[in-house]
Amino acid sequence: VWQQSEAKRGISGSLQEWLACAGHSLDDNPQELLPDPTFPASLRQMGFTLQFTFDYQSQKTFRGYFEVNCVISVDVHAAWTQMPTDSEVLFVNALKRDSPVRRVRTGRGVAVTKRVKGRF
């Protein structure tokens, strides 16, 4: 829980902390979130979507002012999340001559989305 004075400049957390808030870790099996035989053994290997939901609620105080509270929840959704592909050509010495070899590296990442609901 953050008070207004603490959240004035924003709130922050590491990926590990936000995942823990959602009850997950990078090593969780995505099959537990969404059964799919094509999924690998861990979220770390495929990427995922981290969704923040901001639920705003207001209530009138005894002095007649409105107090606004925001409850933030975090959810993890299994999804193939591809980052930019890195491709390069290397020359390796094979059979006494340089031969071109193409190396392609594909990374996985985290897509961050937000959802806002509530009233005030």
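Note that this is a predicted model, so its numbers are computed, not measured.

A. Main features of the sheet that holds strand S5 (residues 110–119). Read from one edge of the open sheet, 3 strands run S2-S1-S5, paired in mixed fashion. Here the strands that pair on one side only, and so sit at the sheet edges, are strand S2 (66–78) and S5. Pairwise comparison of adjacent strand axes, ignoring direction, gives a mean angle of 20° for this sheet. Bridge count for strand S1 (residues 48–60) against S2 is 13 bridges, and the pairing is antiparallel. Of the residues in S2, the one forming a bridge with phenylalanine 48 is alanine 78.

B. Looking closely at the nonpolar core. Trp18, Leu19, Leu43, Phe48, Leu50, Phe52, Val74 and Val76 form the largest nonpolar core, which has 8 residues in total. Secondary structure elements with two or more residues in this core: helix H2 (15–21), S1 and S2. Here phenylalanine 48 is in contact with Leu15, Leu19, Leu26, Leu43, Val76, His77, Ala79, Thr81, Gly109, Val110 and Ala111, once residues within four sequence places are set aside.

C. The pattern of salt bridges, seen in detail. Scanning the model with the defined rule gives 4 salt bridges in all. Residues aspartate 27 and arginine 44 are paired through a salt bridge, measuring 3.0 Å at the closest nitrogen-oxygen approach. A residue pair is termed long-range when its members are at least 10 positions apart, and aspartate 27 in the loop between H2 and helix H3 (43–46) and arginine 44 in helix H3 qualify at 17 residues. Given a relative accessible area of 46%, arginine 44 falls into the partly exposed group. Put simply, arginine 105 and aspartate 86 hold a salt bridge, and the shortest N to O gap is 2.9 Å. Linking arginine 105 in strand S4 (residues 97–108) with aspartate 86 in strand S3 (residues 82–94), this pair joins segments that are 19 residues apart in sequence. For arginine 105, a relative accessible area of 42% corresponds to the partly exposed category. Take aspartate 86: its relative accessible area is 38%, and that puts it in the partly exposed class.

Parameters and conventions
Residues numbered from 1 in each chain as written. Predicted model: local features only at pLDDT ≥ 70, side-chain atom pairs only at ≥ 80, totals over all residues. Heavy atoms only, no water. Pairing = 2+ DSSP bridges. Helix = DSSP H or I, 4+ residues; strand = E, 2+ residues; numbered from the N terminus. Axes fitted to C-alpha atoms, helices over the stretch in contact; angles between N-to-C directions. Core = buried A, V, L, I, M, F, W, Y, C linked by side-chain atoms within 4.5 Å. Buried < 20%, exposed > 50% of the residue type's maximum accessible area, 1.4 Å probe, protein only. Contact = heavy atoms within 4.5 Å. Salt bridge = Lys/Arg side-chain N within 4 Å of Asp/Glu carboxyl O.

Nothing here speaks to function; it is geometry throughout.
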